[in-house]
Amino acid sequence: MPVRYPSPLKPLGSGEVFFMQERYDPAAVESQARSYWQAADAFSVSEDSSRPKYYCLCMFPYPSGRLHMGHVRNYTIGDVLSRFMRKQGYNVLQPMGWDAFGLPAENAAMANGVPPAKWTYDNIAYMKGQLQSLGFALDWKRELATCRPDYYKWNQWMFLRMLEKGIAYKKTGVVNWDPVDQTVLANEQVIDGRGWRTGAPVEKREIPMYYLRITDYSQDLLDALDTLTDWPERVRTMQANWIGRSEGVRLGFPYELEGEKHTLNVFTTRADTLMGVTFCAVAAEHPLATHAAKNDPALAAFVEECKKGTAMEAELAVMEKKGMPTGLFVTHPLTGDQVPVWVGNYVLMTYGEGAVMGVPGHDERDFEFANRYGLPIKQVVEEVATGDWRLATGQNQSGATLASRQQPAASSPFSSTQWQDWYSTKAGFCINSGKYDGLGYQQAIDAIAADLSALGLGQKQVQWRLRDWGISRQRYWGCPIPLIHCPTCGDVPVPDKDLPVVLPEGLVPDGSGNPLNKLPAFYECKCPKCGADARRETDTMDTFVDSSWYFARFASPGNDQAMVDERADYWMPVDQYIGGIEHAILHLLYSRFWTRVMKDLGLLKVSEPFRNLLTQGMVLNDIYSRKTGEGRIQYFNPADVDVQVDAKGTRTGATLRSDGQPVEWEGMRTMSKSKNNGVDPQKLVGEYGADSIRLFMMFKAPPEDTLEWSDDGVEGAARFMRKVWRTVYEFVEGDRRQATGDSKKEESLAVARSLSPVALTDSQRNLRRAAHATLVKVTDDLGRRRIFNTAIAAVMELMNTLAKFEDDSPQGRAIVQETLELVVQMLSPIVPHATHALWQALGHEDSLMDRAWPKPDPQALVQDEIQLVVQVNGKLRSHVTVAATADEATIREAALADAGVQRWMEGKAPKKVIVVKGKLVNVVV
RNA sequence: GCCGGUAUGGCGGAACUGGUAGACGCGACGGACUCAAAAUCCGUUUCUGGCAACAGAGUGUGGGUUCGAUUCCCUCUACCGGCACCA
């Protein structure tokens, strides 16, 4: 018999009746909760200066077709935090949108013959339904898609402002060119140096592109990292390394070529070793290399080989250092010595000036290079001996630092055949360096920089790794760059009144380049300045532009007069940003840059967009495979595999369910199509309900760790949901039997009100304390620690405690009611649907999601007696129970009197007794 | 190669500030209910020795600090992530 309750939907005019089923039926419960929220418009928010705001944002998805488990994890974390903060009294904004431009849509279009726009909009519609089925508290009124003109109009508008301020500019850039398709390829379309469609060797081409001067903000982007104290340390480190500031000296080695005077410019952080230079090395692309290669076929071949090398890869770190002499010499700026110039495969054209000075005595790479090619090695820095530090470094070194050295100096004399770590020390002093002998690192740099400066051959300089952001893409499915090329006026910006430059949506790319180039209706136009025939720019913007400011647009939805408005001042910055670590560098750095530009233009009041960053871990699953006859590897989905275990539960093997034959387990990796180890969220929601999936994802691992998928784990989460449901059902059923009439709700609440905390039995008091202590822990875990697995574990523990509580007295029932109400409230951010129904079942008519988070009753937490651990010599030997208020002497006495303790003391007198109040006693004998 | 991180039962993980190692869950084993199965419930489950009480060992390795170390410091090893041979 179902229990009948007054309908919570009644105020909304539905007239329906709520039944509490004995069996937990997630599909029914979840659709009812969702229709309740929808009818109440529960997730819409607006600006409200009377309440503190909380802007919780998850990285918006690319509409690839369907959600994957990484999305589900990401958005569940965001939803739990949003719902928790809402119950803490915050005005919570949690929006959602679509990062809708990009290459996959063009690839899908080519494969299916469907325009990217249609593919994208279809995917958005499907994925939106998926998100809604998971019960995320998203304000869909603010939904945006970056491929819609009302959004990307403001990309264009901002680009024009940046052009005016000189932040955007034009220069040539190098692209991958497919000579067969006559098109530019993205890096991911180049496979082993060949075009992905044609297989033709890819060429490098220089074409004009537009850049944004992010380097103007290098120092600020670096310095402000220190203010982002709520970002993970490793993300800040990655950003700092990416920006890559290094202080050093830029200096020139003069030389003459064909009667003209030049200097070979290098940058060094170790100007103190300048007197140890025995060669210079330049990159293969360096003009000197090109010049020397003209009359030297062997060198030309080497230069070509270097250019082909898969540069920019970490594997090059272990690559052999190779080089060839150019036959050219430059002059050492201080000694006047002639220094040979080599081409080196380890010198990068993209950093500094594409040339380095070779100091083999004190640089490990140069050392290896010199040894390989028989170049001289000269020691110019000597290690500091302990106690001699004043001699070497002036006052900068602390004695403590040097005293902590493991080895005294001079224990390992300089050898030109065996590299030792101390050769590259900065804590040494110059030798064999003429007038600089005896100077420490900083002193030597200062002196040498001053002398170079006097000669006009060098000065101190700060070098950055960060390069300007090239935003031109020779692609169709992106935001058009709003420029017009006029034969007489040059590059002319599209006037603001003509924005947006709308991207035609019906085109289907065929792989032979940007279809906009074949659409006169798009590119034929008049020059806005002179009115002559002109050509519209057909390049589109990098999609990172779209995602660099979407968070601000969420705060100003629907404004067609401005990019953002004063509503953004209310919501920005984002209080909590959640997403994958893979965006730790580019997306976050571009967003920080873009936000600064918007601030400089007076559009935003903040310069940092994200106050707190949470980088969630990846979702992994088992990989099973089998080698086929042809030596190929076939992958099987874990759902189709049976795992064998031994008596202990250790995995012993796995077989394919369909044929019973063994398959190989390759470990756990990120879910991917290629390894066939994905899990479909939609299937699981249908099977277990959204709440069980949400619960599993939050329980299985802390948010920042990787999460190992397990079907058994999901089953376990579903089991817990059924347990909570059944416990509430049995309680209200029993309640109903006791109640006289059908005025169930009043009865139930009356029971709760009848609780009189002063006159409780021990077991009643214990349950009540457990319930309130759990509330303290869960509040802390969700609020401060942002760790959800331990919060859920604590509630599970409380449910176990509750299961052992058998007390049908009015007071006992009142405490069970209170405990169940706390359980339901604590779980509500994680499993919102089921708790919504259970809250009503417990006799409430208000909406649980808007009910304030409960507060623990201090009285319930009070303990009269506490148990202390007693150790003898640091080993656990006994327990004693003392009054909670007992002083140290009393505790000490109780511990020493304990029989178990005395046994281990073996009649000896205690040497020392350590008492940690509320925790333990340690007796040392 | 460099930078960052991690290492705890059969498995995922807990122990937050140096104070009872293994919470919670999964798996496994045993039992109850059932004609049977599912579901559910109860019990056991770090290892070694012991019928047991109990004892000993134990948080990747080796050392150190401390009355006391999973936690702090040093060494090494393995794995994961990032990268830029960065001059």
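About the criteria used
Each chain carries its own residue numbering, running from 1 in the direction its sequence is written. Chains and ligands are labelled by the order in which they are written, letters from A for the one and numbers from 1 for the other. Reporting of local features is limited, given that this is a predicted model, to residues whose pLDDT is at least 70; pairs of side-chain atoms are given and counted only at 80 or more, and all residues count toward the totals for whole chains, interfaces and linings. Side-chain descriptors were evaluated using all non-hydrogen atoms of the structure, hydrogens and water having been removed beforehand. The way it works is that DSSP assigns letters per residue, a run of H or I at least four long becomes a helix, a run of E at least two long becomes a strand, and they are numbered from the N terminus. Each residue is assigned to one of three classes by its accessible area relative to the maximum for its type, calculated with a 1.4 Å probe on protein chains only: buried under 20%, partly exposed between the two thresholds, exposed over 50%. Working rule for contacts: check all heavy atoms of both residues, and any pair within 4.5 Å makes them a contact. Only the protein chains shown count as covering a residue, and every accessible area follows the Shrake-Rupley method with a 1.4 Å probe. Positive charge is attributed to Lys and Arg, negative charge to Asp and Glu, and no charge count is given to His or to the chain ends. For charged residues, the charge sits on one atom: NZ in Lys, CZ in Arg, CG in Asp, CD in Glu. Here the rule is simple: two strands pair whenever DSSP picks up at least two bridges between them. The nonpolar core is taken to be a set of buried Ala, Val, Leu, Ile, Met, Phe, Trp, Tyr and Cys residues, with the residues joined through side-chain atoms within 4.5 Å.

**Examining the overall build of chain A**
Of regular secondary structure, chain A possesses 29 helices and 39 strands. When its C-alpha atoms are laid out on the principal axes, chain A stretches across 110 × 90 × 65 Å. Looking at chain A as a whole, 52% of its 925 residues qualify as buried. Expressed as a percentage of contacts within chain A between residues at least 6 apart in sequence, the contacts between residues at least 24 apart total 71%. Looking at chain A as shown, the accessible area adds up to about 42,400 Å², and 51% of this sits on carbon and sulfur atoms. The average position of the 103 basic charges and that of the 115 acidic charges among the side chains of chain A differ by 2 Å.

**Thoughts on the pairing of strand S3 (residues 53-58)**
Within S3, 6 of the 6 residues are buried, which leaves the element mostly enclosed by the surrounding structure. Burial of S3 is two-sided: the residues Lys53, Tyr55 and Leu57 facing one way and the residues Tyr54, Cys56 and Cys58 facing the other way are all buried. Note: S3 against strand S4 (residues 91-93), 3 bridges, orientation parallel. Opposite Lys53, over in S4, you have Asn91 as the bridge partner.

**Re the pairing of strand S11 (residues 203-212)**
One ladder, built from 10 bridges, connects strand S7 (residues 168-178) with S11; its direction is antiparallel. Its bridge partner lying in S11, Val175 is registered against Arg205. As defined by bridge partners, S11 adjoins strand S21 (residues 469-470) across 2 bridges and the pair is classed as antiparallel. When the sheet's bridge partners are listed, Tyr211 is paired in S21 with Gly470.

**What about the nonpolar core?**
With 177 residues, the main nonpolar core has Tyr550, Trp594 and Trp709 as its most contacted residues. Element by element, the count of residues in this core is highest for helix H21 (residues 711-738), at 11 residues. With residues near it in sequence (within four places) discarded, Trp594 still touches Met158, Met162, Leu212, Trp469, Val545, Ser548, Trp549 and Met563. Counting 38 residues, the second largest nonpolar core, distinct from the first, contains Val330, Ala355, Tyr436 and Ile448.

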